[in-house]
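# Working through the structure, step by step
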Amino acid sequence: EDEKGRINGPSCARGAKVSARKVRKTAVAMLRKAAAVYAVGVNAGAYGLFWYDKQQALAHGWRVPERVLCGSALAGGWCGGSLAMQQFRHKTVKQSFLTQYKAATALNVVGLLGLAASVRSNLAVKSQLRTSLRTFLSAFVRGGGRDRRRFPRV
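I will try to describe carefully the structure that is included in this document. Keep in mind it's a predicted model, so treat the numbers as computed, not measured.

### Quick look at the overall build of the protein
- Secondary structure assignment for the protein yields three helices and two strands.
- When its helices and strands are written in sequence order, the protein yields β-β-α-α-α.
- Counting the 154 residues in the protein, one finds 21% classified as buried.
- A sequence separation of at least 24 residues applies to 56% of the contacts in the protein between residues at least 6 apart.
- Entry remark: accessible area of the protein is about 11800 Å², with carbon and sulfur atoms responsible for 63%.

### Quick word on helix α1 (residues 20–58)
- Taking 1.5 Å per residue as the helical rise, α1 with its 39 residues ought to reach 57 Å, and the 57 Å between its terminal C-alpha atoms agrees with that figure.
- Here α1 has its buried residues at Ala20, Val42, Asn43, Ala46, Phe50, Asp53 and Gln56.

### As for the packing of α1 against helix α2 (residues 66–88)
- Interhelical geometry of α1 versus α2 gives an angle of 60° and a closest axis separation of 7 Å. Considering their axes alone, α1 and α2 lie oblique with respect to each other. Read as a crossing pair, α1 and α2 show a hand that is right-handed.

### Some details on the side chain of lysine 91
- Within the element layout of this structure, lysine 91 appears in the loop between α2 and α3 (95–142).
- Judged by relative accessible area, which is 15%, lysine 91 ranks as buried.
- Among the polar contacts listed, one links the side chain of lysine 91 to the side chain of glutamate 66, at a separation of 3.0 Å.
- Not counting residues within four places of it along the chain, the set of residues in contact with lysine 91 comprises Phe50, Asp53, Arg63, Glu66, Leu69, Met85, Phe97 and Leu98.

### Describing a nonpolar patch on the surface
- Nonpolar side chains collect at one region of the surface, where Leu112, Leu115, Val119 and Leu123 lie side by side and expose about 380 Å² of accessible area between them.
- Structurally, the position occupied by leucine 112 is in helix α3.
- We classify leucine 112 as partly exposed; its relative accessible area is 47%.

### Some thoughts on the nonpolar core
- Judged by nonpolar contacts, Phe50, Val64, Leu69, Cys70, Ala73, Ala84, Met85, Phe97, Leu98, Tyr101 and Ala104 together constitute the single largest core of 11 residues.
- Put simply, the parts of the chain that give this core at least two residues each are α2 and α3.
- Element by element, the count of residues in this core is highest for α2, at five residues.
- Not counting residues within four places of it along the chain, the set of residues in contact with phenylalanine 50 comprises Leu69, Ser72, Gly81, Ala84, Met85, Phe88, His90, Lys91, Phe97 and Tyr101.

### Brief notes about the packing of aromatic side chains
- Following the criterion strictly, the structure yields four aromatic pairs and no others.
- Their ring planes at 55° and their centres at 5.3 Å tell us that tyrosine 47 and phenylalanine 88 sit as a pair that is tilted. Taken together, the positions of tyrosine 47 in helix α1 and phenylalanine 88 in helix α2 put the pair 41 residues apart, joining distant regions of the chain.
- Exposure remark for tyrosine 47: the relative accessible area of 27% places this residue in the partly exposed category.
- By relative accessible area, which is 21% here, phenylalanine 88 ends up partly exposed.
- Taking the centre distance of 5.6 Å and the plane angle of 90° together, the rings of phenylalanine 50 and tyrosine 101 count as edge-to-face. Here tyrosine 101 lies in helix α3 and phenylalanine 50 lies in helix α1, a separation of 51 residues in the sequence. Residue phenylalanine 50 shares its accessibility class with tyrosine 101, and that shared class is buried.
- Site record: aromatic cluster; members linked through ring pairs are Phe50, Phe97 and Tyr101.

Cut-offs and rules
- Residues numbered from 1 in each chain as written.
- Predicted model: local features only at pLDDT ≥ 70, side-chain atom pairs only at ≥ 80, totals over all residues.
- Heavy atoms only, no water.
- Helix = DSSP H or I, 4+ residues; strand = E, 2+ residues; numbered from the N terminus.
- Buried < 20%, exposed > 50% of the residue type's maximum accessible area, 1.4 Å probe, protein only.
- Contact = heavy atoms within 4.5 Å.
- Areas by Shrake-Rupley, 256 points an atom, 1.4 Å probe, with all protein chains shown as cover.
- Expected span 1.5 Å × (residues − 1).
- Axes fitted to C-alpha atoms, helices over the stretch in contact; angles between N-to-C directions.
- Parallel < 35°, antiparallel > 145°, perpendicular 65-115°, else oblique.
- Left-handed = near helix turned anticlockwise from the far one by under 90°.
- Polar contact = N/O pair within 3.5 Å; in protein donor to acceptor, adjacent residues only side chain to side chain.
- Patch = residues over 30% accessible without salt bridge, like charges linked within 9 Å, V, L, I, M, F, W, Y side chains within 5 Å.
- Salt bridge = Lys/Arg side-chain N within 4 Å of Asp/Glu carboxyl O.
- Core = buried A, V, L, I, M, F, W, Y, C linked by side-chain atoms within 4.5 Å.
- Phe/Tyr/Trp six-rings, centres within 6.5 Å; stacked < 30°, edge-to-face > 60°.

This is the structure we're talking about:
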């Protein structure tokens, strides 16, 4: 990163400078897309698991274990799983399963809220660190090297 906040990165062609803000925006956009793809995939997977379990129940075949269905909720597929339970009228009466499924859903939601809070606080901390680092670097560069009064050699 140079004095104007521009960086040379692998995405830069022929040494062109790109602002750090632009790189961060691109990274955030990519993370949002990845999260959306994950959410769609895990919910479609959970929906499919419930559909398959219902078909197996009708055919008296091997069933999907309840821990796998609850695991899909814990992984974030609780929306698709809940929709499938209602559409296929499957696993809606068994209270012990519903309790486990709701607990897995609650754990996922709490985890997501914790992650969101962590990211927000992390961004504030990163901003403070960035400001401190810029202040230090500017003092270091202006001083022509090591500032012996503040940063003695060890």
